Every structure is written in structure tokens, then in C-alpha cells.
Amino acid sequence: MAKTVAVLNQKGGVGKTTTAVNLAACVGAKGKKVLLVDIDPQGNSTSGFGIDKRAIKVSSYDVLVGNNKAKDAVIHTEFQGVDLMVSNMNLAGAELEIIDIKNRESLLKNALAAVWEEYDYIFLDCPPSLGLITLNALTASDSFLVPIQCEYYALEGLSQLMATVRNIKRLYNPYIELEGVLLTMYDGRLNLTQQVVEEVKKFFPKKVYSTTIPRNVRLSEAPSFGQPIIYFDRRSKGAEAYIDFTEEFLSKQNRR
């Protein structure tokens, strides 16, 4: 059965989708079978794997509202080991449509149950909010991974995120745990970066990955070419960082 990991931070622009795409690609390249579930209405994970969102017939929206089964929205990508449940802007209206459904917090969990046995890992790229879609992701997940950018407002909103997780743990998913915290947009030359790192480590003791993700032009360019960084430019600093992070992520799994 797959381990399911939600990648989330309700603050946008922190490298959440970049992390979801490149972790999925790197884990797949290590010989694992991976499903990346794009449940962000912006659909950036979908385009990050070179899928034309305008051509999508069935998406994670259709799965969430019950129109289709999970496998109907899954595309086999051209990248080793990675399947993708695609998304587009249709998902933006899903929260209003499911708000009155009984057990609405478990819709994604119930849908993914049909494909759990087919994968080693399922990564969920969540929207930058703490609404019903993110609630579904956390209810469906074994753990959650938080990318945090090394900037002034890094910890803003994280207390709210952790309070939300505590409520979900109490009400819907008693088994969910913090997978870890990944520092992104890292520049070790800046005093501010070191201050942020210290604060994050105080906030999440023993949960911060030693690998950090630097600011990197090639990492920023890769999505526009529809390729994860290890396929776009494997020798770049960004690719090296995500390869190292993947090694660290997998080393902490008892299923390696």
C-alpha cells in the first residue's frame, strides 16, 4: 500500500509545487512507483509535467465531486515511475459543490483507496489554502510535508496550519504526522536566512531536513518546459538539491 504524503503550506510562493513535482520525479527515478495528485486549481503540477491543461477531459475535480473514479483522471507521464492525477481550473468550484455532501472530508481518501495498492508513494500537491480540498488531502494522508521559504514572513500562518492539523488529527485522521519541513529559496550568505533557519528549527524541533533548496534559475525555468529539474538540467544546483533531498526523504522511510 502506498504511503500518502500531502505537500502543503497555505502561504503561496514557497516552492510547494516545485517540491511536489521534483520529489515525485526523483522518487520515481529511484525505481519507486509514484502517483502525484494535483489538487491545486492552478494545476501547476500538471503543467510542470508537460500536460496541456486545456486538453484534459477528466481531472481531480471530477474525482472529488464523484463524477469519475481516480484512475480515470490519471495520466502515465513520460518520466520514469511517475503517474499524475491532473488538475485544471474546474477544481476552483469544487469546495462549493461538496460542502453539503455527507463525509465531505473523506471524498479524496475514498477515491484514492482504489489505487493505493498500485503505488509506493502518493504525493498530494495541495492548494495554498486551508479549505475543504486541503482538509480532504490531510484526511487522506499518512503525513504532511511543509516547504518553507527562507524569507521574512516564513513562519506567518504556520501556527494556523498546525492548529488545523491538530483538529484534523482529533476529528478525522488520528494517524497523520508531520513528515518534515523543507527550507526553500535558501541563500546561506544572508543573515536573514540564518535567522529564519533558527526560527524554523525552534518551531519544528528535529523535523527540519538538513538538505536545503537554493534559489536557482534552472529550477525556475524547468516548469515552462514541462519537465522536472532532473530531466531539464540534471547538473544544475536545483537538481542536485532535489536529488539530495530525495535521498534524505527516502532514508527516513522504513519502506526503503
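Below is a short write-up of the structure.

Cut-offs and rules
Residues numbered from 1 in each chain as written. Predicted model: local features only at pLDDT ≥ 70, side-chain atom pairs only at ≥ 80, totals over all residues. Heavy atoms only, no water. Buried < 20%, exposed > 50% of the residue type's maximum accessible area, 1.4 Å probe, protein only. Helix = DSSP H or I, 4+ residues; strand = E, 2+ residues; numbered from the N terminus. Pairing = 2+ DSSP bridges. Right-handed = clockwise from strand over helix to strand, strands pointing away. Axes fitted to C-alpha atoms, helices over the stretch in contact; angles between N-to-C directions.

Right, let's get into the pairing of strand β6 (residues 143-149). Taking burial as the measure, the 7 residues of β6 include 7 buried ones, the bulk of the element. Taking every second residue as pointing to the same face, both faces of β6 are buried, with Ser143, Leu145, Pro147 and Gln149 on one and Phe144, Val146 and Ile148 on the other. Inspection of the sheet shows strand β1 (residues 3-7) paired to β6 by 3 bridges, in the parallel sense. Bridged to Val7 within β6 is Leu145. The parallel pair β6 and strand β7 (residues 177-186), bridged by helix α7 (residues 158-171), forms a crossover whose chirality is right-handed.

The next point concerns the sheet that holds strand β2 (residues 34-38). Read across the open sheet, the 8 strands follow the order β3-β4-β2-β5-β1-β6-β7-β8; overall the sheet is mixed. Each having just a single partner strand, β3 (74-76) and β8 (208-214) make up the two edges of the open sheet. Within the sheet, the average angular offset between the axes of one strand and its neighbour, ignoring direction, is 25°. Alignment of β2 against strand β5 (residues 121-125), held across 5 bridges, turns out to be parallel. By the bridge assignment, Leu35 is partnered in β5 with Ile122.

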